[in-house]
Amino acid sequence: MRFFLPKPSRAATAAALLVACCAWSAGAAAQKSSNGRGTTGNAVTAVRGSTPYATRDDAMQFADEVAARRGLDRNWVRATIGSARFLPNVPRLMLPGPVGTVKNWQTYRSRFIDPVRIAAGVRFWRANAELLARAEQVYGVPPEIVVGIIGVETIYGRNMGNFRVIDALATLSFDFPDGHPRAAERQAFFRGELESFLSTESRTADDPLTPLGSYAGAMGMPQFMPSSMAKYAVDFDGDGRIDLVNNPADVIGSVANYFKAFGWKPGMPAIYPVHFDEARLQKAVLLAPDILPTFSADSFVAAGAVPEGEGIRHKGLLALVELQNGADAPPTYVAGTRNFYVITRYNWSSYYAMSVLDLGQEVKAAMEQ
């Protein structure tokens, strides 16, 4: 996705979108073009939506509200949202797993730590070594963290999603599943992302129906949501535009900037190994704050969790991180620092954060061979 280009006239664009809204067939497939909003090398055919949102009063009312709040052209906003199409499978993808499902860290890890992804990470690191080093100098985030994120998210641009972003965001804004335990909160979140997407697209010369991404509307190599694009994406190579699809410089700088914005501490490990002093272990107390660092090293030890190595002298706060390994194996535990918590701000999952760390370390080790 590229943005922050000069804003064109919206009159002709709005008219064209209104025509498209009425004429777009259910079997039509949008493809990424070669204008910086496509994949790195291959065209991608979009997942097909069904009913257009132009027929929905709630969608059109939202369009009017966004136009008024953001000072956007009303006809353009209505035409853009009206051209979005309902994606029938997306609401089901948002529902959590069945109650009582046991997580399995080793199974989760195997999805991301494999020879193919590690080899791709080595190629990416070698091709962008200077950019990664500069990002560490500017933002304080080491290359293995940036490489881990991009590898887990999209295998370095290989899998950036094939859902039209406008379709995904509209579907989750107006048809979020009622069966989700936080349906109202999540629907409000996606309406905010749709508004952010429209605000950004209104300032570009690009077609707002073109961008592809995940079923949740995340875009580019780092899979930024629209609000993250607006807040954290940077023009790291200084060419006057931000491109998170085809430009590794902008991708690397933006990921590092994201981590710095959320409080990444240069030089601080993200985790320490930990063992338990069973005689004074208060596991329920240690796990109560979840992954939020809450305990000093001394209070951590007093509750029966002993960080190993330099962790015993850690100056900041710690969290006990539990990673379940299915029903037949004991969990894995680590002591998480503030930097581990920062990784979970990218994706609110300790399993995700551990995968990022492990992939980054595996790629770093392969680089040194």
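These numbers come from a predicted model, not from an experiment. (Residues numbered from 1 in each chain as written. Predicted model: local features only at pLDDT ≥ 70, side-chain atom pairs only at ≥ 80, totals over all residues. Heavy atoms only, no water.)

K.L.:
Outline unusual backbone geometry, supporting the account with residue identities and numerical values.
P.N.:
Despite not being glycine, I155 has its phi angle at roughly 50°, a positive value. Overall, I155 belongs to the buried group, its relative accessible area being 13%. Of note, the phi angle at Q223 is positive, near 55°, even though the residue is not glycine. Within the secondary structure layout, Q223 lies in the loop between β3 (212-213) and α11 (226-232). For Q223, a relative accessible area of 12% translates into the label buried. (Buried < 20%, exposed > 50% of the residue type's maximum accessible area, 1.4 Å probe, protein only. Helix = DSSP H or I, 4+ residues; strand = E, 2+ residues; numbered from the N terminus.)

K.L.:
Talk me through helix α2 (residues 57-70); I want residue IDs and the actual numbers.
P.N.:
Because each turn of an α-helix spans 3.6 residues, side chains separated by three or four positions in sequence point in the same direction. Here α2 spans 20 Å end to end across 14 residues, near enough to the 20 Å set by a 1.5 Å rise per residue. What α2 keeps buried is the set A59, M60, F62, A63, V66 and A67. Down the axis of α2, the buried set is contained in an arc of 155°. They therefore lie on one face. α2 presents D57, A68 and R69 as exposed residues on the side facing more than 90 degrees away from its buried surface. In this structure, the buried residues of α2 make contact with α3 (74-83), α9 (165-174) and α10 (183-201). (Expected span 1.5 Å × (residues − 1). Arc of directions from axis to C-beta. Contact = heavy atoms within 4.5 Å.)

K.L.:
If you had to explain the environment of G220 to someone new, which residues and values would you point to?
P.N.:
Mapped onto the elements, G220 comes out in the loop between β3 and α11. Each C-alpha atom of the pair G220 and G157 lies 7.2 Å from the other, and the pair is 63 residues apart in sequence. With residues near it in sequence (within four places) discarded, G220 still touches T154, M160, L244 and V245.

K.L.:
Tell me about the sheet that holds strand β8 (residues 332-336), and name the residues and values.
P.N.:
Spatial strand order, β6-β5-β8-β7: four strands in an open sheet with antiparallel pairing. Edge positions in the sheet fall to β6 (305-307) and β7 (319-323), since each has one partner strand and no second. For this sheet the average axis-to-axis angle between neighbouring strands, irrespective of direction, equals 40°. Where strand β5 (residues 271-276) meets β6, three bridges bridge the pair, whose relative direction is antiparallel. Pairing of F276 across the sheet is with A305, part of β6. Helix α16 (residues 350-367) rests against β5, β7 and β8 of the sheet, and its axis sits at about 90° to β7. (Pairing = 2+ DSSP bridges. Axes fitted to C-alpha atoms, helices over the stretch in contact; angles between N-to-C directions.)

K.L.:
Help me get a handle on the nonpolar core, residues and values and all.
P.N.:
Membership of the largest hydrophobic core comes to 94 residues, with the highest contact counts inside it found for V77, I81, I150, Y156, F259 and I343. With nine residues, the single largest contributor to this core is α16. Not counting residues up to four positions away in its chain, the partners in contact with I150 are F124, I155, Y156, M221, V251, I252 and V255. Ranked by size, the runner-up nonpolar core spans 13 residues in total, among them Y272, V274, F276 and F300. (Core = buried A, V, L, I, M, F, W, Y, C linked by side-chain atoms within 4.5 Å.)

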